[in-house]
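Coordinate analysis (summary)
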Amino acid sequence: MTNPQQPSGLSRRRALGLGTVTAGALLGGTGRGAAAESPALTAAPGGLDATDPVELARAMVRHDTSNVDGAAVTLPYALMLRDLWRAAGVPGEIIPTPTPDNVHFVARIAGQGSRAPLLFMGHSDVVPPGPQRWSVNPFGGELRDGWLYGRGALDMKGTNAVFMSALLRHVRERAVFDRDIVFLSDCDEENGRYGVAWLVDHHYDKIAAGVALTEGGWFLAQRDQRSPMLASLTCADRRGVSVELVADRFATHSSRPYPDQAAVLVGRALGRLDDFPRHVRPNALGRAYFAELATSTHDEHLASAIRAMLNAEGQAGRDRAGAMIVARSDYPWLHDALLRTTVSAMSTTAGDYVSVIPSHAAAQLRIVFQPGGDNPREVIAALRRFLDGSGVSVNVLGEPGATEEQTLARLEADLAVPPSTTDTDVFRMWRDAVHETYPGAGAVATQFEARTSAGPLRARGIPVYGIYPHLIDNESLNRMHGTDERVGAAALRQGAEMIYRMLSAMRVR
């Protein structure tokens, strides 16, 4: 990943017309929250009710925090958060990074101190809206037909708003918690070098905690896509590696095509990927998740397929049952990712001149593994055998200067980090809050299908749980990082109620 510095002639801050920001504004506060017994409440900026997760999420979405070339402009967003926390009587601190205008923000609600702090961690940056045509302004925060639209509405400003609004409800009630509660808005999660790992290395004292919550587990609906079915809290992340398919031939005039051109060879190889064998090998978290799904779903055909997969004695039977699960699931791509290694085509490159057949073509893949699942080295070797004779070579991509061996060793180390324990009061409080807020819904630990900011804290032995604390339908799930990203307004409010109830179990007053 790259993180170029801004040209000295035009900073992002100046481009946005923000003017000069003083050192005092950057520091914001001490990072230690005011005593919860007597917060100095003032009017929120712009009359915004920050205890309403929908209105707060709209305000968040209206800040363009697109991560472009490894950095985002997060300072205006952080200043808004600081002002909202200050209005509630809780000081916040803005932590600059070496990238201009790209910052972390931390607020702390001082508690009784009888237990280690709880950290809420939500990234401020979003992926760019891309060249696709949206039906709304990606940064307009538009509410339409009960949906909040915008880049980051789902990933993850909606969740940030749920976390923050639930906390501010308790602050407004002058609650006293048995522990400090830390709210972190981190930058560089989507791409960049100054994210949570950098924060842990340079400012760990600001965010040290006994347990942390960040993005992760989904709350799925029944087949009607409205009734709550299964909430999950993720205790591990899948991790991936980028692989490049490369073909080299020779360049010539485009008026004289020849067989097996470089771009054609790469295209053929991509066309074969759907047939690359990927076996169903759920790890312990995956097996527990699907077992709970089988008891939570109203679809007996899905439940039967899950039981067949869990009870299969051989790989062939497990693969057949896994295919039935994916075919029957209302969240097929998600459940495929929780069952086995996945391979995605990310980008292609070839020629750039109209009259030249390029000599070189390449396609980049992303291969993502479950902890405790397939051996990455064996999968790479199997892919090379699968494409043998195709005219395409398979290269593992890593950090600049890293060898394939170094890249795979790092991936194996990441996959070897133990999952977060569920033997914590926070996990139990979450489960109880789910059952209280959504009677009849299941609640289970699982793994997340992608990487989050949890890794640097899990590597230190801190339990980190991932959660999207609101009901999600499959169509909205598939818009994540896509066009017309959205989240349900009613779902956000009910999710905030669930987090509020979870936090209520930590109150001593």
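Residues numbered from 1 in each chain as written. Predicted model: local features only at pLDDT ≥ 70, side-chain atom pairs only at ≥ 80, totals over all residues. Heavy atoms only, no water.

On to the overall build of the chain, then. Assigned secondary structure in the chain consists of 17 helices and 17 strands. In terms of C-alpha radius of gyration, the chain reaches 24 Å, essentially the compact-globule figure of 23 Å for 509 residues. Taken over the C-alpha atoms alone, the chain extends approximately 75 × 60 × 45 Å along its principal axes. For the chain, with 509 residues in total, the buried portion stands at 56%. When contacts within the chain are restricted to residue pairs at least 6 apart in sequence, those whose partners lie at least 24 apart make up 80%. Total accessible area on the chain is roughly 20800 Å²; 51% of this is exposed by carbon and sulfur atoms. (Helix = DSSP H or I, 4+ residues; strand = E, 2+ residues; numbered from the N terminus. Rg over C-alpha atoms; globule rule 2.2 N^0.38 Å. Buried < 20%, exposed > 50% of the residue type's maximum accessible area, 1.4 Å probe, protein only. Contact = heavy atoms within 4.5 Å. Areas by Shrake-Rupley, 256 points an atom, 1.4 Å probe, with all protein chains shown as cover.)

Running from amino to carboxyl end, helix H8 (residues 284-296) crosses helix H9 (residues 300-311) at an angle of 150°, the nearest separation of the two axes being 9 Å. In terms of axis orientation, H8 runs roughly antiparallel to H9. Where H8 crosses over H9, the handedness of that crossing is left-handed. Packed against H8, whose contacting residues are Arg287, Phe290, Ala291, Leu293 and Ala294, the element H9 presents Ala303, Ile306, Met309 and Leu310 at the interface. Residue classes in the contact of H8 with H9 are distributed as 8 nonpolar, no polar and 1 charged. (Axes fitted to C-alpha atoms, helices over the stretch in contact; angles between N-to-C directions. Parallel < 35°, antiparallel > 145°, perpendicular 65-115°, else oblique. Left-handed = near helix turned anticlockwise from the far one by under 90°. Nonpolar A, V, L, I, M, F, W, Y, C, P; charged D, E, K, R; others polar.)

For the chain, the mean per-residue pLDDT works out to 92, and 92% of the residues sit at or above 70. Here residues 1-38 is a poorly scored stretch, pLDDT under 50, and it has 83 contacts once near neighbours within four places are set aside; other chains count. (pLDDT = per-residue confidence, 0-100.)

Moving on, we get to the pairing of strand E7 (residues 211-221). Residues in a regular strand point their side chains to alternate faces of the sheet. Most of E7 sits inside the fold, with 11 of its 11 residues counted as buried. Pairing of strand E3 (residues 118-123) with E7, which is carried by 3 bridges, proceeds in the parallel orientation. Bridge pairing in E7 places Phe120 opposite Leu213. Both E7 and strand E16 (residues 464-472) contribute to a ladder of 6 bridges, which runs parallel. Within the sheet, the bridge partner assigned to Ala212 lies in E16 and is Val464. Bridging between E7 and strand E8 (residues 228-237) involves 3 bridges; their strand directions are antiparallel. Residue pairing for E8: Phe219 is matched across the bridge by Ala231. (Pairing = 2+ DSSP bridges.)

Looking now at the packing of aromatic side chains. In this structure the tally under the stated criterion is 12 aromatic pairs. A centroid spacing of 6.2 Å and a plane angle of 40° characterise the contact between Trp218 and Phe448, whose relative ring orientation is tilted. With Trp218 in strand E7 and Phe448 in strand E15 (residues 442-448), this residue pair connects regions lying 230 residues apart in the sequence. This pair shows no difference in class: Trp218 is buried, exactly as Phe448 is. Ring centres 4.2 Å apart and planes at 5° place the aromatic pair Trp218 and Tyr468 in the stacked group. A residue pair is termed long-range when its members are at least 10 positions apart, and Trp218 in strand E7 and Tyr468 in strand E16 qualify at 250 residues. For the pair formed by Trp218 and Tyr468, the shared burial category is buried. By way of ring pairs, the aromatic residues Trp218, Phe448 and Tyr468 are connected into one cluster. Between Arg486 and the ring centre of Trp147, over which it is positioned, the NZ or CZ distance is 3.7 Å. (Phe/Tyr/Trp six-rings, centres within 6.5 Å; stacked < 30°, edge-to-face > 60°. Lys NZ or Arg CZ within 6 Å of the ring centre and 35° of its normal.)

Attention now moves to the sheet that holds strand E5 (residues 147-149). If you trace the 3 strands from one edge of the open sheet to the other, you get E4-E5-E17, paired in antiparallel fashion. Each edge of the open sheet carries a strand with a single partner, namely strand E4 (143-144) and strand E17 (486-488). In this sheet, E5 lies alongside E4 in antiparallel orientation, the contact comprising 2 bridges. What sits directly across from Arg144, in E5, is Trp147. Of the strands in this sheet, E4 and E5 are in contact with helix H3 (residues 53-61), which crosses E5 at around 15°. Set on the sheet, helix H17 (residues 489-504) makes contact with E4, E5 and E17; between it and E17 the angle comes to about 60°.

For the bond from Asp155 to Met156, the omega torsion is -15°, close enough to zero to count as cis. In this fold, Met156 is placed in the loop between E5 and helix H5 (157-172). You will see that Asp101, though not glycine, has its phi angle at about 65°, which is positive. With respect to the element layout, Asp101 can be found in the loop between strand E1 (92-96) and strand E2 (103-109). In this structure, Asp260 takes a positive phi of about 55° despite not being glycine.

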